[in-house]
Amino acid sequence: MCLLVAEDEPRLRKALIHLLENNKFMADGVATGVDALEYAKTNNYDGMILDIMLPEMDGICVLKTLRNKGITTPVMFLTARTEVEQRVEGLDAGADDYLAKPFSTSELLARVRAMLRRKDNYVPDLLTWNHLVLNRSTYELNYQEETRLLGGKEFQIMEMLMQQPNFIISSEQFLSHIWGWDSNVEVSVVWVHISNLRKKISAIHAPVEIRYIRNAGYLLESRNDL
């Protein structure tokens, strides 16, 4: 599950991302409303945490714009503004939840989990294709009685492939979705992680393979020799 965190206070933004990643979420952080809108318009996120008082464009304006564009990604407002009128304005704009600062980390995580469960297209913790199982909670890849633990980036790549089997995903798409638009990571890093994934798939004797299509990208497909 990937979340977008829009918070202009650097220390809090960093703390929120650290908290989410430690609890097996992926998270991107932005500091302005304009950046939040641009990132959210990609529709790459399962949920968003927005501060209302963002520079350049406030959180409510961001949310209204997204909803007008038909983007239904769940949103929770995280803000110091606790007046009833502000809560009503945020919820009327299309927010799914509202949590006031200061907050407890346990409550934040519980609300995030509840928000994600309410998604119309909620995806279970187990992702399965062709009897291959990816456990989103433990980062384990399983086929029959064999299991391999995946690293963080390996897991994210495998999740993208299993969500769209037989569909080509380019190296640039992996870089954008996993490392972020502004990352300086070289495309060779994707190749390394794909190579490691292939070895782990082979080790558990799964009847699938990650195939490279020249000048296009990678796709997950059934092995032709089975």
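Given the structure is predicted, the values throughout are model-derived calculations rather than measurements. (Residues numbered from 1 in each chain as written. Predicted model: local features only at pLDDT ≥ 70, side-chain atom pairs only at ≥ 80, totals over all residues. Heavy atoms only, no water.)

## With respect to the overall build of the protein
Cut-off, in case you're wondering: Put simply, DSSP H or I for four residues or longer makes a helix, DSSP E for two residues or longer makes a strand, and each gets a number counted from the N terminus. Note that the radius of gyration is over C-alpha atoms, with the globule rule given as 2.2 Å times the number of residues to the power 0.38. Relative accessibility under 20% of the residue-type maximum defines a buried residue, over 50% an exposed one, and the middle range a partly exposed one, all with a 1.4 Å probe and only protein chains included. Should any heavy atoms of two residues lie within 4.5 Å, those residues are counted as being in contact. Per-residue accessibility takes into account occlusion by the displayed protein chains alone, with areas from the Shrake-Rupley method and a 1.4 Å probe.
A count of helices and strands for the protein gives eight helices and 11 strands. Relative to a compact globule of 226 residues, whose C-alpha radius of gyration would be 17 Å, the protein shows 19 Å and is just as compact. Its C-alpha atoms give the protein principal-axis dimensions of roughly 65 × 35 × 30 Å. Taking all 226 residues of the protein together, the buried fraction comes to 46%. Taking the contacts inside the protein whose residues are at least 6 apart along the sequence as the reference set, 55% of them involve residues at least 24 apart. As presented, the protein carries roughly 11,600 Å² of accessible surface, and 48% of it is formed by carbon and sulfur atoms.

## Section: the pairing of strand β11 (residues 217–222)
Residues in a regular strand point their side chains to alternate faces of the sheet. Note the following rule: Pairing between strands requires that DSSP locate at least two bridges from one strand to the other.
By the criterion of burial, β11 is predominantly enclosed, with five of the six residues buried. Direction of pairing for strand β10 (residues 208–213) relative to β11: antiparallel, over a ladder of six bridges. The partner of Ile-213 across the bridge, within β11, is Gly-217.

## Some thoughts on unusual backbone geometry
Residue Pro-102 is bonded to the preceding Lys-101 through a cis peptide linkage, with omega at -10°. Inspection of the secondary structure puts Pro-102 in the loop between β5 (97–100) and α5 (105–117). In this structure, Glu-56 is a non-glycine residue whose phi angle is positive, near 75°. Structurally, Glu-56 can be placed in the loop between β3 (47–50) and α3 (59–68).

## Quick look at helix α6 (residues 152–163)
For clarity, the cut-off: A helix is expected to span 1.5 Å for every residue after the first.
Compared with an ideal rise of 1.5 Å per residue, which puts 12 residues at 16 Å, α6 spans 17 Å between its outermost C-alpha atoms and is within 8% of the ideal. The complete set of buried residues in α6 reads Glu-154, Phe-155, Gln-156, Ile-157, Met-158, Glu-159, Met-160, Leu-161 and Met-162.

## Regarding the nonpolar core
Defined as follows: Here, nonpolar core refers to any group of buried Ala, Val, Leu, Ile, Met, Phe, Trp, Tyr and Cys residues whose side-chain atoms link them within 4.5 Å.
Counting residues in hydrophobic clusters, the biggest one holds 29 residues, and the most contacted among them are Leu-132, Leu-141, Met-158, Met-162 and Phe-174. Considering each element in turn, this core owes the most residues, six residues, to α6. With residues near it in sequence (within four places) discarded, Phe-174 still touches Ile-157, Met-160, Leu-161, Ile-169, Trp-179, Val-190 and Tyr-218. Counting 25 residues, the second largest nonpolar core, distinct from the first, contains Leu-37, Tyr-39, Leu-50 and Ala-95.

## Here's the deal with the sheet that holds strand β2 (residues 26–30)
Our working rule: To define axes, lines are fitted to C-alpha atoms, for helices over the stretch in contact only, and angles between the resulting N-to-C directions are given on a 0 to 180 degree scale.
The sheet built from five strands is open, its strands ordered β2-β1-β3-β4-β5 with parallel pairing. Each edge of the sheet is formed by a strand with only one pairing partner; in this case those strands are β2 and β5. The mean angle between the axes of side-by-side strands here comes to 20°, regardless of whether they run parallel or antiparallel. Pairing of strand β4 (residues 75–79) with β5 involves four bridges; the strand directions are parallel. Directly across from Thr-79, in β5, lies its bridge partner Ala-100. Most of the contacts of helix α2 (residues 33–40) go to strand β1 (residues 2–6), to which it runs at about 165°, and overall it touches β1, β2 and β3.

## A word on the packing of aromatic side chains
The criterion, for reference: For Phe, Tyr and Trp, where Trp contributes only its six-membered ring, two rings pair if their centres lie within 6.5 Å, and the inter-plane angle classes them as stacked under 30 degrees, edge-to-face over 60, or tilted in between.
One pass over the structure, following the stated rule, counts four aromatic pairs. Measuring from centroid to centroid gives 6.3 Å for Phe-77 and Tyr-98, while their planes differ by 65°, and the two rings are edge-to-face. Of this pair, Phe-77 sits in strand β4 while Tyr-98 sits in strand β5; the two residues are 21 residues apart in sequence, bridging distant segments of the chain. The same class applies to Phe-77 as to Tyr-98, namely buried. On the numbers, 6.5 Å between centres and 55° between planes, the contact of Phe-174 with Tyr-218 is tilted. Of this pair, Phe-174 sits in helix α7 (residues 171–179) while Tyr-218 is found in strand β11, placing the two residues 44 residues apart along the sequence. Assigned by exposure class, Phe-174 and Tyr-218 land together as buried.

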